[in-house]
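Structure at a glance
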Amino acid sequence: MTGRKVLMDFEVTPTSHSLDDYRARGGYEALEKALRTMKPREVTQEIVDSGLQGRGGAAFPAGRKWQGIDPDDGQPHYLIANADEGEPGTFKDRWVLEYTPHTLLESMLLSCYALGVRHCFVYIRGEYDLPWRRLDAAVEEAYAAGYFGENILGSDFSCDLFVFRGAGAYVCGEASSLLGSIEGTRAFPRNRPPRMTVRGLYQAPTVVNNVETLATIAWIIRNGASAFREVGTEKSPGTRLISISGHIARPGVYEVELGYSWAKFLHEDCGGVLDGRPLKAVIPGGISSQVLTGKDAKVLTAGEVEGLTLDHEKLRSAGSSLGSGGMIVIAEGTCMVRLLQIMLRFYHHESCGQCTPCREGTGWMHRIIDRIVAGDGRAEDLERLNYIAGFNDGTTICGLGDAAGYAATAMLDNFRDEFDYFIENKRSKFAGNLE
Amino acid sequence: MTAIFINGQSVETGDHTTVLQVALANGFHIPHFCWHPELSVVGNCRVCVVEHEGRGVGIACNMPISDGMRVLTDSEPVRAQRKAMLQFILLNHPVDCGICDKAGECSLQDYHYEYNGETAISGDAKLHSTKFFPLSERIILDNERCILCSRCVRFTREISKSNVLGLENRGDSMLVRPAEGRSLDDDPYSDNVIDICPVGALLSRSFLYQARVWYLEPTPSVCPGCARGCTVQFWHRKAEWRLSGLDERHNTRVHRVTALENPRVNGPWICNKGRDLPELLDRPRATQALQKGAPVSLMQAIETARGLLDQAGKRVALVSSWGSNEELRAFRNSLGDYFTSFVKPDHLPLEGEVVEDDLLIRADKNPNTRAAQDLFGTAAAEIPDDTELVLVWGEGVDFGTLPRGVKILFLGSWLLPENGHADVFIPISIQTERRGHYTNFEGVVSPFEACQPHRDGVIDAETLFPLLSAPGGSASGGGAA
Ligand SMILES: Cc1cc2nc3c(=O)[nH]c(=O)nc-3n(C[C@H](O)[C@H](O)[C@H](O)COP(=O)(O)O)c2cc1C
Ligand code: SF4
Ligand code: SF4
Ligand code: SF4
Ligand code: FES
């Protein structure tokens, strides 16, 4: 087992996503408690005290983000649950939406109460069908039960929720770009400043949080911030939903207590690398987090003291991050040149095209890697890739440009020999197969 | 009072809110493609970077001022990033400067020489795109040259509000395109996008391949197209680049009109009518004085006109709303006592023309109605039947509406059938042949300069009026006063 649970603390059954089942396991009690006994600012304080970090990729402290909004400033505020889940390898928000959508709804009500939000949104990717139907049904149930609308549970608090189905690109998941998508303009990420908590949706202060971040709120309010801090590590409280895929025996979504041993997770809970092959590398949190090499992972398997645990600070010191929780396992024998080609094709395809370095650089890198894979690599190509990647990192409006840069530098740093081999021999060290 | 340090020098920030604004206002040079003072900040080109000491490199156009902050506009990391951004742009830019109308006034050329100076480092073939996309009857778009700064798109959204232009597709497939079912023909301010395009992606059909800009020079002038009186620049060939083997008109023609930035009148914009002034100015000119249709010398015509003036009993003048302030004053001083004067509109709105809007265009299609009315009143022309002489100055009068048998003294510039119907016709100069001032509808006075040679046989109205009133005076021909 992967440690204590916050979200997966019930048995999934054919009805466990329904309001009745949710209520039977204590659902909406936190909302009743908060509306009866807590002031909005106390809810925010609880989240600050809990140390909850964002689960959407950047692990930004949720409470600190919320403190950017003054619930009493008399202007409209908005809350948006980011359910775009576009990061390759990431499918964990989907689990929340399909199996316990009311957890998200109750949490959003609590958040809206804390932030003085009258209207909130769930921005769900257009490709999610079952998750959308489950969410939509849950919203209907919640309205019927009086959890949304005017004077919720007899209090002064009123709140409405809109489910917005995206039909967009990967970049729509970037929080500021998502605003444009809802507003009906082009989904272009926006420059900061201003922060979105100053000027966001329809020019009003706005909080955008990941589905999983928000879904954790109900538990925190029900059990208290100190109970939450007992789960996980000191600097990374709580749990993470990890969606694991790639060369792994039992892919799927797992809830892992932060600080849990990585080796145990991979080799015991997930059944080890597919076909018992040796581990080559792990992309820990979606392809936009930096790839970790087997070297680190092997240290982990040996279970030594310096072995990695799954928490934000350990991964940061290893030069990567838990990112979006989309873990991709790569077995020995995989061609990293081809893998980078796939990643760069993705970034090229998904760049929104605003920023000069990302618009031109992603295509440039993609064409270079295509040429290398086609057997036309040139000696100067790898330096060129490093140059392009270097100037994508930190020079753009949103993180997509950075991520495309990291992807190339991380692969080149760790697997340079494979690239050199490919250019020299015009073929992969691994017969060109990804399998 | 907030102050920041730019390259170690303390400067006051005034009303500005970003580092770029403060730097430009204080004479520091920071390259920028997407930023434009009249448009929203999008921060997409990423060349305006500066180093905020202790904080790293960031874009100046969206970097807020904080008291005492220290920025460097030309440090090593700044130069490195600018150079890289220019390399990214060069990746697929065609560099066809040799046949590009923007060459010589292109930001990409300038920044390239200043910050990059190397050829494209990519050895791969460039991506191709649409070369001549028709945006309208007036403008074509070269998508290969476009650097996707979105200035043109923002112009149609934020300034002209026609919302015609948008961006299609994503990433390096992104294209500037008209919105579905729309055309830039719907935008009476469309040609401004040609000016604000930092590169040669937006091309004027009328100026296409007409001249290299370094052979041209601008003369400040005022658009006579409406009562706004936008200040403009008339671009014509420099004297030292005079062409001798070709039609002389190449040397005197106004090749293009651009806005002359003027915060009191038009900001940096003008409407398309202003762009089309060369057509108005290139109409066939009248250079021959006439008496009842028969050619006479200018002196003879003036003599006859003076005779008419002395003999006639009741006299009415229809004063031109295209006369300059100077000409209008000369008329009042010399001839004011002879005539009952009315101001007439020389031009009325043409069919299909935008009559009036919220940005610049005014319903009065004449440049100097305000000054003329200040001198001669606002009353509509009333010509009693017993009038014996009508002086018509400028266009816009149908002689058929004048009392039967009245004598007509006509002062005009264009080759028109009416010229021959007047008792005396005297050809006068046009705006581009003389200097003067117009007063716009809000009372703002703007100067214009001569940029075309005086035609032979033509006289300035300002010179003519004293001659008409002075008994025994003599006309000295066509020279400017
Ligand atoms: C290109 C790009 C795509 C992103 N896609 C997602 C996404 O699909 N879902 C998500 O929750 N966050 C996504 N993010 C992160 C969001 O911008 C934002 O940081 C996050 O939703 C904030 O939530 P959190 O603070 O709760 O983590 C993306 C960021 C970038 C740069
Ligand atoms: S980094 Fe890329 S995806 Fe992000 S705003 Fe810039 S061009 Fe768009
Ligand atoms: S056409 Fe010119 S102004 Fe418009 S986006 Fe392209 S470069 Fe910018
Ligand atoms: S708005 Fe009036 S003055 Fe200005 S350019 Fe157009 S016609 Fe000329
Ligand atoms: S001018 Fe600042 S990013 Fe373009």
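Residues numbered from 1 in each chain as written. Chains lettered and ligands numbered in written order. Predicted model: local features only at pLDDT ≥ 70, side-chain atom pairs only at ≥ 80, totals over all residues. Heavy atoms only, no water.

Quick notes on the domain arrangement of chain B
All names here are of chain B. Domain assignment breaks chain B into domain 1 (3–89), domain 2 (133–204), domain 3 (220–281) and domain 4 (290–469). Contacts between domain 1 and domain 2 engage eleven residues on the former and eleven residues on the latter. Summed over both sides, the interface between domain 1 and domain 2 buries roughly 890 Å², with carbon and sulfur atoms accounting for 58% of that surface. For the pair domain 1 and domain 2, the number of links is zero salt bridges. (Domains from an automatic or database assignment. Contact = heavy atoms within 4.5 Å. Buried area = accessible area lost by both parts, 1.4 Å probe. Salt bridge = Lys/Arg side-chain N within 4 Å of Asp/Glu carboxyl O.)

Brief notes about the site of ligand 4
All residues in the neighbourhood of ligand 4 are listed as Cys223, Gly225, Cys226, Arg228, Gly229, Cys230, Ile270, Cys271, Lys273, Gly274, Leu360 and Ile361 of chain B. In terms of residue class, the shell around ligand 4 is made up of seven nonpolar, three polar and two charged. (Near = heavy atom within 4 Å. Nonpolar A, V, L, I, M, F, W, Y, C, P; charged D, E, K, R; others polar.)

Section: the site of ligand 1
All names here are of chain A. Close to ligand 1 lie 18 residues; Gly56, Lys65, Asn209, Asn210 and Thr213 are nearest. At 2.9 Å, a side-chain N or O of Lys65 approaches an oxygen atom of ligand 1. Between ligand 1 and the protein, one listed contact pairs a nitrogen atom with a backbone N or O atom of Gly173 at 3.4 Å. Expressed as a share of its isolated accessible area of 620 Å², the protein-covered part of ligand 1 is 87%. Every element with two or more residues in the shell around ligand 1 is listed here: β4 (206–210) and α17 (399–425). (Polar contact = N/O pair within 3.5 Å; in protein donor to acceptor, adjacent residues only side chain to side chain. Areas by Shrake-Rupley, 256 points an atom, 1.4 Å probe, with all protein chains shown as cover. Helix = DSSP H or I, 4+ residues; strand = E, 2+ residues; numbered from the N terminus.)

Quick notes on the interface of chain B and chain A
Contacts between the two partners involve 31 residues from chain B and, on the opposite side, 33 residues from chain A. Here chain B packs against chain A, burying approximately 2700 Å² in sum over the two surfaces, 53% of which is carbon and sulfur. Here chain B and chain A share four salt bridges between them. Of the charged contacts, one joins Arg170 of chain B and Glu350 of chain A as a salt bridge, the two residues approaching to 3.7 Å between their closest N and O atoms. The element contributing the most residues to the side of chain B that touches chain A is helix α2 (residues 76–92) of chain B, with nine residues. Looking at the side of chain B that touches chain A residue by residue, the classes come out as 16 nonpolar, ten polar and five charged.

Concerning the domain arrangement of chain A
All names here are of chain A. Split by domain assignment, chain A resolves into domain 1 (19–229), domain 2 (239–331) and domain 3 (336–425). Computed over C-alpha atoms, the centres of domain 1 and domain 3 are 35 Å apart. Every contact between the two is made by 13 residues of domain 1 and, on the other side, eight residues of domain 3. Across the domain 1/domain 3 interface, buried area totals approximately 840 Å², and carbon plus sulfur atoms make up 70% of it. Of all residues in domain 1, the largest losses of buried area upon contact with domain 3 belong to Tyr170, Phe188 and Pro189, amounting jointly to 51% of the total for that side. Taken together, the links from domain 1 to domain 3 amount to zero salt bridges. The tally of links from domain 1 across to domain 3 stands at two residue pairs in polar contact (both at pLDDT 80 or more).

Overview of empty space enclosed by the protein
All names here are of chain B. Counting across every chain of the model gives five cavities of 30 Å³ or more. Of the voids in this model, the largest cavity is the one considered here, and its volume is about 270 Å³. As for the largest cavity, its lining consists of 22 residues, of which Trp322, Ser413, Trp414, Ile430 and Arg434 are closest to the centre. Its residues assigned to classes, the lining of the largest cavity comprises ten nonpolar, seven polar and five charged. Domain assignment of the residues forming the lining of the largest cavity places at least three in each of domain 3 (220–281) and domain 4 (290–469). (1 Å grid on protein atoms, 1.4 Å probe; cavity = no way out; pocket = protein on both sides within 12 Å on 5 of 7 lines; lining within 4 Å. Points joined across faces, edges and corners; volume = space filled by probe spheres on them.)

Observations regarding the pattern of salt bridges
Residue and element names in this part refer to chain B. Within the structure shown, the criterion is met by 51 salt bridges over all chains. Residues Glu303 and Arg306 are paired through a salt bridge, measuring 2.4 Å at the closest nitrogen-oxygen approach. With Glu303 and Arg306 both in helix α9 (residues 298–311) and three residues apart, the pair spans about one turn of that helix. The exposure class of Arg306 is buried, given its relative accessible area of 6%. When salt bridges with common partners are traced through the structure, they connect Asp96, Lys131, Asp142, Glu144 and Arg145 into a single cluster. (Buried < 20%, exposed > 50% of the residue type's maximum accessible area, 1.4 Å probe, protein only.)

Considerations on the layout of surface pockets
The space that makes up the second largest pocket amounts to roughly 1000 Å³. Considering the residues around the second largest pocket, the lining is formed by 33 residues, among which Phe188 and Arg190 of chain A together with Ser40, Val41 and Val42 of chain B are closest to the centre. Going through the elements one at a time, α8 (175–183) of chain A together with α4 (151–159) and β8 (165–168) of chain B are the ones with two or more residues in the lining of the second largest pocket. Take the lining of the second largest pocket: its biggest share by element is four residues, from α4 of chain B.

So, the pairing of β4 of chain A
All names here are of chain A. Counting buried positions along β4 yields five of five residues, so the element is predominantly enclosed. Because side chains alternate across β4, one face comprises the buried residues Thr206, Val208 and Asn210, and the other comprises Val207 and Asn209, equally buried. In this sheet, β4 lies alongside strand β1 (residues 78–83) in parallel orientation, the contact comprising five bridges. Across the sheet, the residue bridging to Leu79 is Val207, located in β4. (Pairing = 2+ DSSP bridges.)

Quick look at the sheet that holds strand β7 (residues 139–141) of chain B
Residues and elements named next belong to chain B. The three strands are arranged β6-β7-β10 in an open sheet whose pairing can be described as antiparallel. Only two strands of the sheet have a single neighbouring strand rather than two, namely β6 (133–134) and β10 (202–204). Note: β7 against β10, three bridges, orientation antiparallel. Note that in β10 the partner of Ile140 across the bridge is Leu203.

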